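Notes for the structure review
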Amino acid sequence: MNSDDTSRSTGRLLLAAAPGGLCLVQDLLNSAGMPEASVPDLLDNESAAQTWLDASMQTWSEQTGRTARRIALSGDDLPALRDLRHDVRGWLTSEAEDPTPHPVDVDLSFRDGRFSFQPKGDGAAAVTSLVHLEALLASHTGTLARLKACMNPSCGAVFYDLSRNATRVWHDMKTCGNTLNLRASRARRRATAKGSPADSDR
Ligand SMILES: [Zn+2]
């Protein structure tokens, strides 16, 4: 894995980017750390967060064909970005509790037959505007529903489900699906041996 891969939150998990601008929403979610796999949180410090955002905006630009204006972050933005990530994860897990309205501040422009937008300002507010607008577009085209968090509770990697019926639940069957299936079958075997209900094996 080279340094480019580690700064790309989705890339370091060897997952393909979600289509179009939805990749930014996915990248935000995959910036989270996975302590059990020694994967660091990319929103843990200012330098890692800026490197993450620059790389994500580059992918966003490549996939949307739009010019990415550099959004500068400071250490003060980190708590808001982590809160945003937490809220956005709720959209995927249906645990979103609070239908809080989110103001977005963008410049809209019409060119070549379509509207495009650029967030105003810098910092967490600009990222928040961009993430919400990309999610809005993706929720109208049906792609947001295919963005999923791996069902392994110690993983949570966010992948784009290309399966025909959108039924995929693991980010990787080999690492997460098999591990959990194995644990469940071991727990069942122990329960059978003891003749008592299985303890939770998590
Ligand atoms: Zn997983």
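Residues numbered from 1 in each chain as written. Predicted model: local features only at pLDDT ≥ 70, side-chain atom pairs only at ≥ 80, totals over all residues. Heavy atoms only, no water.

**Concerning the nonpolar core**
Counting residues in each nonpolar core, the largest one holds 35 residues, and the members touching the most others are L22, V25, V127, V131 and L147. Among the secondary structure elements, those contributing two or more residues to this core are α2 (22-29), α3 (46-64), α4 (78-93), α5 (123-141) and β4 (158-160). The dominant element in this core, judged by the number of residues it contributes, is α5, at 8 residues. The residues touching L147, leaving out its near neighbours within four places in the chain, are A18, L22, V25, Q26, L29, L92, V158, F159 and Y160. Counting 10 residues, the second largest nonpolar core, distinct from the first, contains L13, L15, M34 and C155. (Core = buried A, V, L, I, M, F, W, Y, C linked by side-chain atoms within 4.5 Å. Buried < 20%, exposed > 50% of the residue type's maximum accessible area, 1.4 Å probe, protein only. Helix = DSSP H or I, 4+ residues; strand = E, 2+ residues; numbered from the N terminus. Contact = heavy atoms within 4.5 Å.)

**Observations concerning unusual backbone geometry**
We note that S38 has phi near 55°; this positive angle belongs to a residue other than glycine. Among the secondary structure elements, S38 is positioned in the loop between α2 and α3. Taking relative accessible area as the criterion, S38 reaches 65% and is therefore assigned exposed. The phi dihedral of D112 is positive, around 50°, even though this residue is not glycine. Within the fold, D112 resides in the loop between β1 (106-111) and β2 (114-119).

**What to know about the side chain of Q50**
With respect to the helices and strands, the residue Q50 is situated in helix α3. In this view, Q50 contacts R70, I71, A72 and L73; residues no more than four positions away in its chain are not counted.

**Details of α3**
For α3, spanning 19 residues, the distance from its first C-alpha to its last is 26 Å, which sits close to the expected 27 Å at 1.5 Å a residue. If you check which residues of α3 are buried, you get A48, A49, Q50, W52, L53, A55, S56, M57, T59, W60 and T64. A side-chain oxygen of the first residue of α3 lies 3.2 Å from the backbone nitrogen of S47; this N-cap is N45. Of the residues flanking the end of α3, it is G65, one or two places downstream, whose phi is positive at about 70°. (Expected span 1.5 Å × (residues − 1). Polar contact = N/O pair within 3.5 Å; in protein donor to acceptor, adjacent residues only side chain to side chain.)

**What to know about the domain arrangement of the protein**
Each assigned domain of the protein is listed with its residue range as follows: domain 1 (3-161) and domain 2 (172-202). Just the C-alpha atoms count here: the centres of domain 1 and domain 2 sit 34 Å apart. (Domains from an automatic or database assignment.)

**Regarding the coordination of the zinc ion**
For the zinc ion, the full set of protein donor atoms is C150 (SG), C155 (SG), H171 (ND1) and C176 (SG), and the range of their distances to it is 2.1 to 2.3 Å. One can describe the donor arrangement at the zinc ion as tetrahedral, given that its 4 donor atoms subtend angles of 97 to 122° at the metal. When the donors of the zinc ion are listed by position in the chain, the intervening gaps give C-x4-C-x15-H-x4-C. Placement of the pair is C150 in the loop between β3 (147-149) and β4 and H171 in the loop between β4 and α6 (173-194), with a sequence separation of 21 residues. (Donors = N, O, S within 2.8 Å, 3.2 Å for Na, K, Ca; no water. Tetrahedral: all angles 85-135°; square planar, octahedral: opposite > 155°, others 65-115°.)

**Some remarks on the packing of α2 against α3**
Viewed as axis vectors pointing N to C, α2 and α3 meet at an angle of 155°, and their least axial separation amounts to 8 Å. Here α2 lies roughly antiparallel to α3, going by the angle between them. Relative to α3, α2 is oriented so that their crossing is right-handed. Of the residues in α3, those in contact with C23, L24, D27 and L28 of α2 are W52, S56, M57, T59, W60 and Q63. Grouping the amino acids of the contact of α2 with α3 by side-chain chemistry returns 6 nonpolar, 3 polar and 1 charged. (Axes fitted to C-alpha atoms, helices over the stretch in contact; angles between N-to-C directions. Parallel < 35°, antiparallel > 145°, perpendicular 65-115°, else oblique. Left-handed = near helix turned anticlockwise from the far one by under 90°. Nonpolar A, V, L, I, M, F, W, Y, C, P; charged D, E, K, R; others polar.)

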